[in-house]
Amino acid sequence: MRSLWKGSISFGLVNIPVKLYPATENKDVKFHLIHRECGSPIRYSRVCPICNREVEPQEISRGYEYQKERYVLVSDEEWEQAQPAPTGNIDLIQFVALNQIDPIYFSWPYYLTPNEGGQKGYALLLHVMRRTGKIALAKVALRNRESLAALRVYQSCLLMESLLYADEIRSIDLLPELNFEVQLDDREIKMAETLVAALSGDFKPEEYHDTYRENLLNLIRQKIAGQEISMPPPARQAKVVDLMEALKASIEEAEKRKQKPKRQRRQREA
């Protein structure tokens, strides 16, 4: 895996050389738009609707729409001047408890590994953060903008996650549908709590799969091989029923799912 960035973690007066790697990968199935008549990929052109011609890259400038169809132009030089000066540092500014940061702020994860000469400092920071249970807030310049980030321990390495700024989180006050009042019955609450308990367990990420992607790739493989296309049956449509009846049925279904592995184990042992 190729590193995206090389720099240093600035920890007080301690400087730890590190490399940055993407921690996740996008596995969405990507399609090209194809002209059916000749089988060629469709190419998009930069066309000016007023001049009615394709525009060359050197003729294009950035424009910010400050009013409808009114733009202020920003040259490449002006745009570059607005970029943060690259320091090559991940500057740790504060240590906080992980539960103080709502998950809505987390944006994108990266692995951090020690670069040449940084192993001792990296190991020390990793050890101390694991012992104290703290995560570090940091400022870092990535992809032409300064970002707020959080460093935390993940398995045997440091993980850096970019954070959204407070003004990037939309207020729930903008959602008028939340302005409602209902009365909850004690029996409904207890039944719902029973359902939560019945469905509770340990998170095992390997048990979950992207069935949409798997079905789509299976269809593509079948078409490549010239096989007859088979599609999964449509999902069963849920019926609108009484809330208490729905809770009861859901608890029964959850209990059945819990009992199924036990029956399967007994059958294998027999």
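You'll find the structure just up there.
Residues numbered from 1 in each chain as written. Predicted model: local features only at pLDDT ≥ 70, side-chain atom pairs only at ≥ 80, totals over all residues. Heavy atoms only, no water.

Colleague: Explanation requested: the state of the cysteines in the structure shown.
Modeller: In protein chemistry, a disulfide is the covalent bond that joins the sulfur atoms of two cysteines. Applying the stated criterion across every chain, the model contains zero disulfides. We note that Cys48 lacks a disulfide partner, and the nearest cysteine sulfur, in Cys51, lies 3.8 Å from it. (Disulfide = S-S within 2.5 Å.)

Colleague: For this particular structure, what's the right way to read the packing of aromatic side chains?
Modeller: Aromatic rings considered in pairs are described by the distance between their centres and by the relative angle of their planes. Enumeration according to the criterion identifies three aromatic pairs in this entry. Between Tyr111 and Tyr154, the ring centres sit 6.1 Å apart and the planes meet at 25 degrees, which makes this aromatic pair stacked. Taken together, the residues Tyr111 in strand β8 (residues 106-114) and Tyr154 in strand β10 (residues 145-154) connect sequence positions 43 residues apart. Residue classification places Tyr154 among the partly exposed positions, given a relative accessible area of 31%. Above the face of the Trp79 ring, Arg62 is positioned so that its terminal group lies 3.9 Å from the ring centre. (Phe/Tyr/Trp six-rings, centres within 6.5 Å; stacked < 30°, edge-to-face > 60°. Helix = DSSP H or I, 4+ residues; strand = E, 2+ residues; numbered from the N terminus. Buried < 20%, exposed > 50% of the residue type's maximum accessible area, 1.4 Å probe, protein only. Lys NZ or Arg CZ within 6 Å of the ring centre and 35° of its normal.)

Colleague: Help me understand the sheet that holds strand β1 (residues 5-11) in this model?
Modeller: Neighbouring strands of a sheet are bound in pairs by backbone hydrogen bonds; such pairs are parallel or else antiparallel. A barrel is described by the order of its strands in space; here seven strands give the closed sequence β1-β2-β8-β11-β10-β9-β7, paired in mixed fashion. Pairwise comparison of adjacent strand axes, ignoring direction, gives a mean angle of 40 degrees for this sheet. As defined by bridge partners, strand β9 (residues 134-142) adjoins β10 across seven bridges and the pair is classed as antiparallel. Bridge pairing in β10 places Val140 opposite Ser147. In this fold helix α2 (residues 119-132) packs onto β1, β2 (14-22), β7 (89-97), β8, β9, β10 and β11 (157-163), with an angle of close to 75 degrees to the strand it touches most, β11. (Pairing = 2+ DSSP bridges. Axes fitted to C-alpha atoms, helices over the stretch in contact; angles between N-to-C directions. Contact = heavy atoms within 4.5 Å.)

Colleague: Even after reading the chapter, I still don't get the nonpolar core, so can you show me in this structure?
Modeller: In globular proteins that are soluble, nonpolar side chains generally tend to be buried together. By size, the foremost hydrophobic cluster in this structure holds 22 residues, and its most contacted members are Ile9, Ile90, Leu112, Leu151 and Met160. Those elements that provide at least two residues to this core are β1, β2, β7, β8, α2, β9, β10 and β11. Beyond its immediate stretch of four places on either side in the chain, Ile9 contacts Val14, Asn15, Ile16, Val18, Ile90, Leu92, Leu112, Leu125, Leu151 and Leu158. (Core = buried A, V, L, I, M, F, W, Y, C linked by side-chain atoms within 4.5 Å.)

Colleague: Would you take a moment to explain the environment of Asn89 for this structure?
Modeller: Among the secondary structure elements, Asn89 is positioned in strand β7. Excluding anything up to four places from it in sequence, Asn89 contacts Trp5, Ser8, Ser10, Asn15, Lys139 and Val140.

Colleague: For this particular structure, what's the right way to read helix α4 (residues 211-225)?
Modeller: Counting along an α-helix, one turn takes 3.6 residues, and residues three or four places apart therefore face a common direction. Between its terminal C-alpha atoms α4 stretches 21 Å, which fits the 21 Å expected from 15 residues at 1.5 Å a residue. Where α4 is concerned, the buried positions are Leu216, Leu219 and Gln222. Within α4, the buried residues cover an arc of 125 degrees as seen down the axis, which keeps them to one side. Exposed residues pointing more than 90 degrees away from the buried face of α4 are listed as Arg221, Ile224 and Ala225. Just downstream of α4 lies Gly226, where phi reads positive at about 75 degrees. (Expected span 1.5 Å × (residues − 1). Arc of directions from axis to C-beta.)

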